[in-house]
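# Inside the fold
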Amino acid sequence: MASSTADREDEPDREIRLVTSDDGWVATDVETGVSSQGESRVAALENLDEAVALYLGEVGREPTDSELRAMGIEPADNVTGDEEPPDVLE
């Protein structure tokens, strides 16, 4: 997803760290701590854009109860209640 300077005028400044790994490239948004990877730098950055947007709630939505049931998940049984969520969800 190549974007021109004009496309980025309304976006806030973000510090991104980009490093190589055995699997390609890893891009991390410093402010949010969100990371993503890709086989190329461009792919890693595109994946990071999507991951940060999901993290910030700018895209995506919660599944409906019927969608959960279609995946074999019973919504009434899928609650945290008074318990703390697992570390991976924090």
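The model shown is predicted, which means the values in this text are computed figures rather than measured ones.

So, on to the overall build of the chain. Scanning the chain from N- to C-terminus turns up 3 helices and 3 strands. Expressed as a percentage of its 90 residues, the buried residues of the chain come to 13%. Sequence separation of at least 24 residues holds for 15% of the intrachain contacts in the chain that already meet a minimum separation of 6. When the accessible surface of the chain is split by element, carbon and sulfur atoms take 47% of a total near 7400 Å².

A surface patch of nonpolar side chains, amounting to about 190 Å² of accessible area, comprises Ile16, Leu18 and Leu45. By the element assignment, Leu18 lies in strand E1 (residues 16–21). Looking at Leu18, the relative accessible area reads 32%, which means it is partly exposed.

The subject of this paragraph is the nonpolar core. Among the nonpolar cores identified, the biggest contains 5 residues, and these are Ala27, Val34, Ala44, Leu48 and Val52. Sort the elements by how many residues they give to this core and helix H2 (residues 41–55) lands first, with 3 residues. Once you skip the residues sitting within four places of it in the chain, Leu48 turns out to touch Arg14, Ile16, Ala27, Thr28, Asp29, Val34, Ser35 and Ser36.

So, on to the packing of aromatic side chains. Taken as a whole and assessed by the stated rule, the structure comprises 0 aromatic pairs. We note Arg41 situated over the ring of Trp25; from NZ or CZ to the ring centre the distance is 5.7 Å.

Rules used throughout
- Residues numbered from 1 in each chain as written.
- Predicted model: local features only at pLDDT ≥ 70, side-chain atom pairs only at ≥ 80, totals over all residues.
- Heavy atoms only, no water.
- Helix = DSSP H or I, 4+ residues; strand = E, 2+ residues; numbered from the N terminus.
- Buried < 20%, exposed > 50% of the residue type's maximum accessible area, 1.4 Å probe, protein only.
- Contact = heavy atoms within 4.5 Å.
- Areas by Shrake-Rupley, 256 points an atom, 1.4 Å probe, with all protein chains shown as cover.
- Patch = residues over 30% accessible without salt bridge, like charges linked within 9 Å, V, L, I, M, F, W, Y side chains within 5 Å.
- Salt bridge = Lys/Arg side-chain N within 4 Å of Asp/Glu carboxyl O.
- Core = buried A, V, L, I, M, F, W, Y, C linked by side-chain atoms within 4.5 Å.
- Phe/Tyr/Trp six-rings, centres within 6.5 Å; stacked < 30°, edge-to-face > 60°.
- Lys NZ or Arg CZ within 6 Å of the ring centre and 35° of its normal.

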